[in-house]
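The lines below spell out each chain.
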Amino acid sequence: MKMIFKAFCKKFFGSKYERLSRTLFLYLILFWGLHIADLSIEIAPFILYLMVTAFTAGVMWQALNSQDNASYMQNMMMLPFDRKRFVFSYVAALGVYTCLTKTAVLWAVLLAISTWSCSEILAGILCTVNAVLMAAAIFSLKKHWYLGALWVAAVLAAMVCLWDKPWFTLLTNVNIILAFVLLLHADGYCFYLTSQKTKRTVKVHRQYSVYRYLLRYLCAHKNYLINAATMYGIACVLPLFWGQMESRFTAPIGFAILSLNTPICILLSCDHDLEQAVRFLPCQTRTFCIPYCLFIFLCNIIADMIFLCSLQIQMGGVTVPMFLTAVFFALQSAVCSVLLEWFYPLRGWNVESDLWHHPRKYLVPAIMLLLAGVVGFMPIS
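What you are looking at is a predicted structure, and each value in this text was computed from that prediction instead of being measured. (Residues numbered from 1 in each chain as written. Predicted model: local features only at pLDDT ≥ 70, side-chain atom pairs only at ≥ 80, totals over all residues. Heavy atoms only, no water.)

### Here's the deal with the overall build of the protein chain
(1) Moving on: On a plain count of helices and strands, the protein chain comes out with 17 helices and 0 strands.
(2) Moving on: Here the protein chain, with 381 residues, has 45% of them falling under the buried criterion.
(3) Moving on: Partitioning the intrachain contacts of the protein chain with sequence separation of at least 6 by distance along the chain shows that 85% fall at a separation of at least 24.
(4) Moving on: Accessible surface, the protein chain as shown: approximately 20,700 Å² in total, 70% of it carbon and sulfur. (Helix = DSSP H or I, 4+ residues; strand = E, 2+ residues; numbered from the N terminus. Buried < 20%, exposed > 50% of the residue type's maximum accessible area, 1.4 Å probe, protein only. Contact = heavy atoms within 4.5 Å. Areas by Shrake-Rupley, 256 points an atom, 1.4 Å probe, with all protein chains shown as cover.)

### Quick word on the side chain of Ser310
(1) Moving on: Examined against the element boundaries, Ser310 turns out to sit in helix α14 (residues 284-314).
(2) Moving on: According to the relative accessible area criterion, Ser310 is buried, its value standing at 10%.
(3) Moving on: Ignoring sequence-local partners within four residues, the contact set of Ser310 consists of Ala235, Cys236 and Pro239.

### Examining α14
(1) Moving on: Here α14 spans 44 Å end to end across 31 residues, near enough to the 45 Å set by a 1.5 Å rise per residue.
(2) Moving on: Directly beyond the C-terminal end of α14, a positive phi value near 75° is found at Gly316. (Expected span 1.5 Å × (residues − 1).)

### Observations regarding the nonpolar core
(1) Moving on: Among the nonpolar cores identified, the biggest contains 51 residues, and Phe288, Phe307 and Leu308 are the most heavily contacted of them.
(2) Moving on: At 12 residues, α14 tops the list of elements feeding residues into this core.
(3) Moving on: For Phe288, the residues in contact, after removing those within four places along its chain, are Val210, Leu268, Val278 and Trp342.
(4) Moving on: In terms of nonpolar packing, the next biggest core, distinct from the first, is built from 50 residues, Leu94, Tyr97, Cys127 and Ala137 among them. (Core = buried A, V, L, I, M, F, W, Y, C linked by side-chain atoms within 4.5 Å.)

### Looking at the side chain of Thr98
(1) Moving on: Positionally, Thr98 belongs in helix α5 (residues 83-113).
(2) Moving on: Judged by its relative accessible area of 0%, Thr98 is buried.
(3) Moving on: Setting aside anything within four residues of it in sequence, one finds Thr98 in contact with Thr56, Val59, Met60 and Thr103.

### Observations concerning the packing of helix α3 (residues 45-64) against α5
(1) Moving on: Two elements in contact, α3 and α5, have axes separated by 9 Å at closest approach and are oriented at 140°. Classified by the angle their axes make, α3 and α5 are oblique. The two elements α3 and α5 meet at a crossing, and its hand is right-handed. In this structure, α3 contributes Leu48, Met51, Val52, Phe55, Thr56, Val59, Met60, Ala63 and Leu64 to the contact, and α5 contributes Tyr90, Val91, Leu94, Gly95, Tyr97, Thr98, Lys102, Thr103, Leu106, Trp107 and Leu110. (Axes fitted to C-alpha atoms, helices over the stretch in contact; angles between N-to-C directions. Parallel < 35°, antiparallel > 145°, perpendicular 65-115°, else oblique. Left-handed = near helix turned anticlockwise from the far one by under 90°.)

### Re the environment of Leu20
(1) Moving on: Inspection of the secondary structure puts Leu20 in helix α2 (residues 18-36).
(2) Moving on: Judged by its relative accessible area of 16%, Leu20 falls in the buried class.
(3) Moving on: Linking Leu20 and Tyr97, residues 77 residues apart in sequence, is a C-alpha distance of 8.5 Å.
(4) Moving on: Aside from chain neighbours lying at most four places away, what touches Leu20 is Phe13, Leu100 and Thr101.

### Remarks on the packing of aromatic side chains
(1) Moving on: In the structure shown here, the tally under the stated rule is 7 aromatic pairs.
(2) Moving on: The interplanar angle of 40° and the centroid separation of 4.9 Å between the aromatic rings of Phe88 and Phe180 together place this pair among those described as tilted. Pair noted here: Phe88 is in helix α5 and Phe180 is in helix α8 (residues 168-184), with a separation of 92 residues, a long-range link.
(3) Moving on: When its relative accessible area of 39% is taken as the criterion, Phe180 is described as partly exposed. (Phe/Tyr/Trp six-rings, centres within 6.5 Å; stacked < 30°, edge-to-face > 60°.)

### Things to note about empty space enclosed by the protein
(1) Moving on: Counted by the stated rule, this structure contains 2 cavities of 30 Å³ or more.
(2) Moving on: Size it by volume and the largest cavity reaches roughly 150 Å³.
(3) Moving on: Residue lining of the largest cavity: 15 residues in total, with Cys265, Ser337, Arg360, Lys361 and Val364 positioned closest to the centre.
(4) Moving on: Here the lining of the largest cavity is composed, by residue class, of 8 nonpolar, 5 polar and 2 charged. (1 Å grid on protein atoms, 1.4 Å probe; cavity = no way out; pocket = protein on both sides within 12 Å on 5 of 7 lines; lining within 4 Å. Points joined across faces, edges and corners; volume = space filled by probe spheres on them. Nonpolar A, V, L, I, M, F, W, Y, C, P; charged D, E, K, R; others polar.)

### Describing the packing of helix α6 (residues 118-140) against α8
(1) Moving on: Direction vectors running N to C along α6 and α8 enclose 25°, while the axes themselves pass 9 Å from each other. Classed by the angle they form, the pair α6 and α8 counts as roughly parallel. When you trace α6 past α8, the crossing you get is left-handed. Within the contact between the two elements, α6 uses Ala123, Leu126, Cys127, Val129, Asn130, Leu133, Met134, Ala136 and Ala137 and α8 uses Phe168, Thr169, Thr172, Asn173, Asn175, Ile176, Ala179, Leu182 and Leu183.
(2) Moving on: Considering only residue class, the contact of α6 with α8 consists of 13 nonpolar, 5 polar and no charged.

### Thoughts on a nonpolar patch on the surface
(1) Moving on: Taken together, the side chains of Trp145, Tyr146, Leu147 and Leu150 define a hydrophobic patch exposed on the protein surface, amounting to about 490 Å² of accessible area.
(2) Moving on: For Trp145, the position within the fold is in helix α7 (residues 145-162).
(3) Moving on: Since its relative accessible area comes to 62%, Trp145 is described here as exposed. (Patch = residues over 30% accessible without salt bridge, like charges linked within 9 Å, V, L, I, M, F, W, Y side chains within 5 Å. Salt bridge = Lys/Arg side-chain N within 4 Å of Asp/Glu carboxyl O.)

### What to know about the confidence of the model for the protein chain
Keep in mind that low pLDDT regions are not for reading the predicted coordinates in detail.
(1) Moving on: Scored by pLDDT, the protein chain comes out at a mean of 80, with 86% of its residues at no less than 70.
(2) Moving on: Confidence, expressed as mean pLDDT per element, reaches its minimum in the protein chain at helix α4 (residues 67-76) with 65 and its maximum at α6 with 91.
(3) Moving on: Predicted confidence is poor over residues 196-202, with pLDDT under 50, and the contacts of this stretch with residues over four places away or in other chains come to 1 contact. (pLDDT = per-residue confidence, 0-100.)

Okay, structure coming up:
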């Protein structure tokens, strides 16, 4: 078990664990910088538990669905292995990767900007462990996805209703034990993603179409569609956070936030074969970059239009210039995203979730936020 665990850890953290030490050092600097800045935000314990649970489970689920892990596991499974040892070695290595390289940054921020008691920190750590094991257990039950959905709903309901009760920690421990028992009966092959070829006949087209390829790519990667649907859901509820602020100030900020649609902006980085093929195309800018830019623009403008409709229903004051501003922000974020992918694709990543949570994902939204600050003070309405 120790040998398998080390093999996966070296894959996630590097041969000498250099990536782990570098990441933790950066998080320590982040914590210290926020701490000495004397920022103080009062956060309810329920928000802490919900944030660490949702964030950890989401990252763990992305890592479990990583195609890069599938190719690595294929080599591991060519050797004889014990079922239980393999499952727990893989889940433990992936859980350590998730907690120390992803959830740790959330903990660094929360601990720096708010004050927590020892019991609240302990409950938050239990929620983090519970999210790791629960995500792995539900992934092993993917053939019975409805059971996983009911389990998630029950846990969220218990967290909402019982977070301030004395037996909340006990219920969390019981849930951890349940996930552990389910993993005891899991097979190692349930974590291996096989490439499922479609049985339907693919229609042959005489002319190429980048849009057709992008649509097929999204249909083959359902998590990309789920992320887009999540962004559209955020667009619906985003006006609730603005309160009574004027629409001309809040709208550009909303457009900047909704440009944070990472998966569709990293297609070249996550698929080396696609990038190599595109680089050999004649007239690459016209052939691929322009259609790719328009595709991202379409995804962005849908989110922006949903946001404006929700803003009009809840607050009112939406004008024609705001629609034009939405088109401007959607187009600018699409152009910047494509330029980053074309000239500075991400290299040296180990798991696909590294791409989804790379610091570069915040570069375009940060530029859009700065631009929103300028546009917000212009007389657009």
